[in-house]
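# Remarks on the overall topology
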Amino acid sequence: MKALGAIHAGLVSMLSIVMRNPILRRETRTRLRGTRTMIVLTTFMAVMTLAFYISYRIILSEYRYNPYQLPEAGRYVFVTLVIIECILIMLIAPAFSCATISSERERGTFELLRTTLLQSNTILVGKLSASVYFILMLLFSSVPVLSTCMLLGGLAPQNIVVSVLVLLGTVFFYALVGLFCSVMFRKTAVAAGASYVAVFLINLLPLGLVVFILIVTKENIEEFLCIASCSTPITNLLETLVPDIRREFDREIGIYSHFITWPLYFIMALVMWRTMNTKLHRELGLHVGKD
């Protein structure tokens, strides 16, 4: 109990520090005042609602003559919506973070960051938190649409919890990818292009390489296909929610795809954070050893 209390106190302290970040406060107020927020939120909800309606009509039409299979229909509708939401997050997250630093350079306000005497870690945490905050608002706004699938049944509580955790991890990682490109490139257009190239490479390059090797060598390497597919969080969602895919992964590699995807993402996140923190230190004229 003491350990849980210490962990809880540490998380509360960390959250309070993040919420007091001046960069986060400024970015949040600026974004929520504009019409762009309302347009993005409305478009996101319209896409999710339309996806729910189409998937509901298509999938349910195959099970309407057998009421005992309605829970299975509800599970596949939920799978469809969660995958679409994951793809939207991977596209939206870099878009909202790839301009956070580069736009400061283009507007000529980057020098003002020096006058604040904020450390580079504080600036990066504030910029990342502001982007994540907005994307989380989109994520939780879709809860009413996703909860409709629960009326049909077929969803275990632990599967829903794991799916939400995968989406949260996707939000943080791909927002970090956009922030990394914003720090490394001076122009917002270049940073945006690099962000989407990075998203494409992270999700499809490993699988493409394995497929190419499979075509060239004509050998049966299904276990390598399973491992390569773990480069995308979509695989985590499919394995969590679809029993057949879960059994396939258990037979081929013997472990859950989460144990490959998220350690890999964590290592990449550490490398990106260290690299852009060092670069921002130099641009602000600070010394790396201060943080």
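Read on for an overview of the structure. Everything numeric here is computed off the predicted structure, so don't read it as measured data.

This part takes up the overall build of the chain. When helices and strands are tallied, the chain shows 14 helices and zero strands. In sequence order, the chain lays out its α and β elements as α-α-α-α-α-α-α-α-α-α-α-α-α-α. Burial statistics for the chain: of 291 residues in total, 42% are counted as buried. Counting contacts in the chain only where the partners sit at least 6 residues apart, residues at least 24 apart contribute 80% of the total.

Turning our attention to a nonpolar patch on the surface. A cluster of nonpolar side chains, namely V197, F200, L201, L204, L205 and L209, defines an oily patch on the protein surface of about 540 Å² accessible area. Among the structural elements, F200 can be located in helix α10 (residues 188-217).

Here we take up the nonpolar core. In this structure, F78, L81, F173 and Y174 are the most contacted members of the largest nonpolar core, which totals 63 residues. Looking at this core element by element, the count peaks at 14 residues for helix α4 (residues 70-97). Residues in contact with L81, not counting those within four places in the same chain, are M48, A51, F52, S55, V145, L146 and C149.

By volume, the second largest pocket is sized at about 320 Å³. Contributing to the lining of the second largest pocket are 15 residues, with E27, T30, R31, R36 and R107 lying nearest its centre. Elements represented by at least two residues in the lining of the second largest pocket include exactly α2 (22-33), α3 (35-61), α4 and α5 (102-107). At four residues, the largest contribution of residues to the lining of the second largest pocket is made by α2. Residues belonging to the lining of the second largest pocket are distributed by class as follows: three nonpolar, five polar and seven charged.

For the rest of this paragraph, the subject is the state of the cysteines. In total, this model carries zero disulfides according to the counting rule given. Free cysteine: C98, not disulfide-bonded; nearest cysteine sulfur from C181 at 7.9 Å. This cysteine, C226, is not joined by any disulfide, and C230 carries the nearest cysteine sulfur, 7.3 Å off. On the basis of relative accessibility, which here comes to 8%, the residue C226 falls in the buried class.

Another point: the packing of aromatic side chains. With the rule as written, the count across this model stands at seven aromatic pairs. Residues W262 and Y265 carry aromatic rings whose centres are separated by 5.2 Å and whose planes lie at 80 degrees to one another, so their mutual orientation is edge-to-face. Remark: Y265 and W262 occur in helix α14 (residues 258-284); sequence separation between them is three residues, near one turn of the helix. Through a chain of ring-to-ring contacts, the aromatic side chains of F173, Y174, W262 and Y265 assemble into a single cluster. Here R75 stacks its cationic end above the ring of Y76, 5.2 Å away from the centre of that ring.

To continue, consider helix α12 (residues 233-241). Counting buried positions along α12 yields eight of nine residues, so the element is predominantly enclosed. Of the positions making up α12, those classed as buried are P233, I234, T235, N236, L237, E239, T240 and L241. Elements that come into contact with the buried residues of α12 comprise α4, α9 (157-184), α10, α11 (222-229), α13 (243-252) and α14.

One pass over the full model with this rule turns up seven salt bridges. One salt bridge connects D244 with R247, and the closest N-O pair in it is separated by 2.2 Å. Placement of both D244 and R247 in helix α13 is noted, with a separation of three residues, approximately one turn of the helix. For R251, the salt bridge is made with E252, and the minimal N-O distance between the two is 4.0 Å.

A few words on the side chain of K127. On the secondary structure map, K127 appears in helix α7 (residues 120-141). When its relative accessible area of 1% is taken as the criterion, K127 is described as buried. Residues in contact with K127, not counting those within four places in the same chain, are I23, R26, E27, T100, I101, E104 and L179.

The rules we used
What you see as residue numbers is a count from 1 along each chain, following the sequence as written. Predicted model: local features are reported for residues with pLDDT of at least 70 only, side-chain atom pairs are reported and counted for 80 or more only, and whole-chain, interface and lining totals are derived from all residues. Excluding hydrogens and water, the side-chain figures rest on all heavy atoms present in the structure. Strands are runs of DSSP state E lasting at least two residues, helices are runs of H or I lasting at least four, and both sets are numbered from the N terminus onward. Buried means the residue's accessible area, taken with a 1.4 Å probe over protein chains only, is under 20% of the maximum for its type, while exposed means over 50%, and partly exposed covers the values in between. Contacts were defined at the residue level, with two residues in contact if any of their heavy atoms lie within 4.5 Å. The patch calculation keeps residues exceeding 30% relative accessible area without a salt bridge and links them within 9 Å when they carry like charges or within 5 Å when they are nonpolar (Val, Leu, Ile, Met, Phe, Trp, Tyr). Note that accessible areas follow from Shrake-Rupley with a 1.4 Å probe, and for residues the cover is restricted to the protein chains shown. The working definition used for a salt bridge is a side-chain nitrogen of Lys or Arg within 4 Å of a carboxyl oxygen of Asp or Glu. Here the nonpolar core consists of buried residues drawn from Ala, Val, Leu, Ile, Met, Phe, Trp, Tyr and Cys, with membership extended through side-chain atoms lying within 4.5 Å. Note on definitions: the grid is 1 Å and covers protein atoms alone; a cavity is a set of points where a 1.4 Å probe fits but cannot get out; a pocket is an open set with protein on both sides within 12 Å along at least five of seven lines; lining residues have an atom within 4 Å of a point. Grid points are joined across faces, edges and corners, and a volume is the space filled by probe spheres set on the points. Under the convention adopted here, Pro, Cys and the residues Ala, Val, Leu, Ile, Met, Phe, Trp and Tyr are nonpolar, Asp, Glu, Lys and Arg are charged, and Gly plus all remaining residues are polar. The rule for a disulfide is simple: a pair of cysteine sulfur atoms within 2.5 Å. Working definition: rings of Phe, Tyr and Trp (its six-membered ring) pair if their centres are within 6.5 Å, and the pair is stacked with planes under 30 degrees apart, edge-to-face with planes over 60 apart, and tilted otherwise. Over a ring means this: the NZ of a Lys or the CZ of an Arg is within 6 Å of the ring centre and within 35 degrees of the ring normal.

Remember, this is a structural readout, not a statement about activity or role.
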